[in-house]
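Residue strings, one per chain:
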Amino acid sequence: LPEQLEELARIFRSFDAQNKQVVSARELGACFKCFGYVATEADLNEIVGEVGGTVDFPQFVHIMSKRMKDCDTLTEIQEAYRAFDKDSKGCIGREQLAKMFSKLEGHALSSEELDEILREADFDGDGTISQLDFINVIAP
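Engineer: Before we go on, may I ask you to explain the pattern of salt bridges in this structure?
Structural biologist: Charged atoms that come close allow side chains of opposite charge to pair. Under the criterion given, the structure shown has 3 salt bridges. In this structure, Arg-94 engages Asp-115 in a salt bridge whose closest nitrogen and oxygen atoms are separated by 2.5 Å. Of this pair, Arg-94 sits in helix 6 (residues 94-105) while Asp-115 sits in helix 7 (residues 111-121), and the two are 21 residues apart along the sequence. Residue class for Arg-94 comes out partly exposed when judged on its relative accessible area of 31%.

Engineer: Just checking my understanding: could you explain the confidence of the model for the protein chain for this structure?
Structural biologist: It should be kept in mind that the predicted coordinates are not to be read in detail where pLDDT is low. Overall, the prediction assigns the protein chain a mean pLDDT of 79, with 86% of residues at 70 or greater. Across the protein chain, the element-wise mean pLDDT spans from 71 in helix 5 (residues 71-84) up to 88 in helix 7.

Engineer: What is the right way to read the packing of aromatic side chains from this model?
Structural biologist: In this description, an aromatic ring pair is defined by two values, namely the gap between the centres and the angle between the planes. In total, this model carries 4 aromatic pairs according to the counting rule given. Relative to Phe-134, the ring of Tyr-81 has its centre 5.3 Å away and its plane inclined at 70 degrees; by these criteria the two rings are edge-to-face. Of this pair, Tyr-81 sits in helix 5 while Phe-134 sits in helix 8 (residues 131-138), and the two are 53 residues apart along the sequence. Like Phe-134, Tyr-81 is buried.

About the cut-offs
- Residues numbered from 1 in each chain as written.
- Predicted model: local features only at pLDDT ≥ 70, side-chain atom pairs only at ≥ 80, totals over all residues.
- Heavy atoms only, no water.
- Salt bridge = Lys/Arg side-chain N within 4 Å of Asp/Glu carboxyl O.
- Helix = DSSP H or I, 4+ residues; strand = E, 2+ residues; numbered from the N terminus.
- Buried < 20%, exposed > 50% of the residue type's maximum accessible area, 1.4 Å probe, protein only.
- pLDDT = per-residue confidence, 0-100.
- Phe/Tyr/Trp six-rings, centres within 6.5 Å; stacked < 30°, edge-to-face > 60°.

Here is the structure:
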């Protein structure tokens, strides 16, 4: 279906951060989570063994179509991420996080609370929450 192919293309581009037309096994695992499928290390190793260390878009479509469960989950996660990433930079910084939680909670979080949230959600250690970080938190 054209709609599903467009959605897969959009997802692929969102995980192809360096615009190399490929995604790594780590990124592929996060893509699976978007669709409600939790890939084990063995699953990812099997895929990498079949296609190599990276996956191009046609391979991505083939792999994802075999494993997709629930596209609504992805849409909900992406909408939630966009709600935090107001300026569409692809990352949620400390200031954005503070503003959003202030609106949600009705009061400002302490500096320690913000530090804890960032520490738990920032998997790549860059001081912000990327879409991949967000998915790892939301879809464990």
